[in-house]
Amino acid sequence: SAVISQKPSRDICQRGTSLTIQCQVDSQVTMMFWYRQQPGQSLTLIATANQGSEATYESGFVIDKFPISRPNLTFSTLTVSNMSPEDSSIYLCSVEGRAAMTYGYTFGSGTRLTVV
Amino acid sequence: GQQVMQIPQYQHVQEGEDFTTYCNSSTTLSNIQWYKQRPGGHPVFLIQLVKSGEVKKQKRLTFQFGEAKKNSSLHITATQTTDVGTYFCAGRSNYQLIWGAGTKLIIKP
């Protein structure tokens, strides 16, 4: 399965600022997925990022708040803009396994964001 | 909207006891995946079930997919401290992956 390097692992940010999270995959993948996970909760899909096109956002998430870049098939960034304490969460990137029937989804190690 | 209900939310067991978590979908699923998330970690893929009535085993873990492809279960026999974490099911329906709420396995001291 793919290996994903996600940075930063954690950050404490002031409200009103922005944070950019990076994910680097060790192989080329068509789609990358960005999730948010509140402590003790399940995963919520923010958006799907395809190389060369705009990301597709899920209901409740907008591009102005969570702009995504996907410059090539191995890299993506998610920016959390104009942060408020409600944005405090764990953010995870994910890719589908090379053989989806076997490998499922692989996740980055996550970014634990605290907004103060 | 499409939902996958997962119960229980928590299960406290003595080490050596069994553990089971259940997932039930409002719609028929094309497949269901199971993940484990250790405390402070990220979800790790365990297995995918595709066929109606499928049963798969991984050592002490037994995964089942219902005949109607709407429900699934994960059973752990004789839990060990290394089993601690949250277990998530994720059902695929109409190209969407719908996550259950997770069941947290807690080993009583």
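Quick note: structure is the one above.
Residues numbered from 1 in each chain as written. Chains lettered and ligands numbered in written order. Predicted model: local features only at pLDDT ≥ 70, side-chain atom pairs only at ≥ 80, totals over all residues. Heavy atoms only, no water.

J.: Mind showing me how you'd approach the interface of chain B and chain A here?
T.: Put simply, an interface is often sized by how much accessible area is lost when its parts join up. If you look at the interface, chain B gives 16 residues, while chain A gives 18 residues. Counting the surface lost from both chain B and chain A, the interface buries some 1300 Å², and carbon and sulfur atoms represent 52% of this. Of all residues in chain B, H42(B), F45(B) and W99(B) bury the most surface against chain A, accounting for 35% of the area lost on that side. Remark: the boundary between chain B and chain A carries one salt bridge. Among the ionic pairs, E96(A) bridges to R92(B), the shortest N-O distance being 3.0 Å. Only β4 (31-37), β5 (44-49), β9 (85-93) and β10 (96-99) of chain B provide two or more residues apiece to the side of chain B that touches chain A. For the side of chain B that touches chain A, the residue count by class is eight nonpolar, seven polar and one charged. (Contact = heavy atoms within 4.5 Å. Buried area = accessible area lost by both parts, 1.4 Å probe. Salt bridge = Lys/Arg side-chain N within 4 Å of Asp/Glu carboxyl O. Helix = DSSP H or I, 4+ residues; strand = E, 2+ residues; numbered from the N terminus. Nonpolar A, V, L, I, M, F, W, Y, C, P; charged D, E, K, R; others polar.)

J.: Would you take a moment to explain the side chain of S94(A) for this structure?
T.: Residues and elements named next belong to chain A. Along the chain, S94 turns up in strand β9 (residues 89-96). Under the relative-accessibility criterion, S94 is labelled buried at 0%. A distance of 3.1 Å separates the side chain of S94 from the backbone oxygen of T106, its partner in a polar contact. In contact with S94, not counting residues within four places along its chain, are I4, M31, M32, F33, Y35, Y105, T106 and F107. (Buried < 20%, exposed > 50% of the residue type's maximum accessible area, 1.4 Å probe, protein only. Polar contact = N/O pair within 3.5 Å; in protein donor to acceptor, adjacent residues only side chain to side chain.)

J.: Help me understand the environment of T20(A) in this model?
T.: Residue and element names in this part refer to chain A. In this structure, T20 sits in strand β3 (residues 19-25). On a C-alpha basis, the gap between T20 and P67 in space is 9.2 Å, while along the polypeptide they are 47 residues apart. Setting aside residues no more than four positions away along its own chain, T20 makes contact with K7, P8, T77, L78 and T79. Among the polar contacts made by the side chain of T20, one reaches the side chain of T79 at a distance of 2.8 Å.

J.: Would you explain the nonpolar core in this entry?
T.: Side chains that are nonpolar tend, in soluble globular proteins, to be buried together. Counting residues in hydrophobic clusters, the biggest one holds 26 residues, and the most contacted among them are W34(A), I46(A), F66(A), I68(A), L78(A), Y91(A) and L113(A). The set of elements that each furnish at least two residues to this core consists of β3, β4 (31-37), β5 (43-50), β8 (75-80), β9 and β11 (111-115) of chain A. The dominant element in this core, judged by the number of residues it contributes, is β3(A), at four residues. Within the second largest apolar cluster, 20 residues are counted, among which are V4(B), L29(B), L61(B) and I98(B). (Core = buried A, V, L, I, M, F, W, Y, C linked by side-chain atoms within 4.5 Å.)

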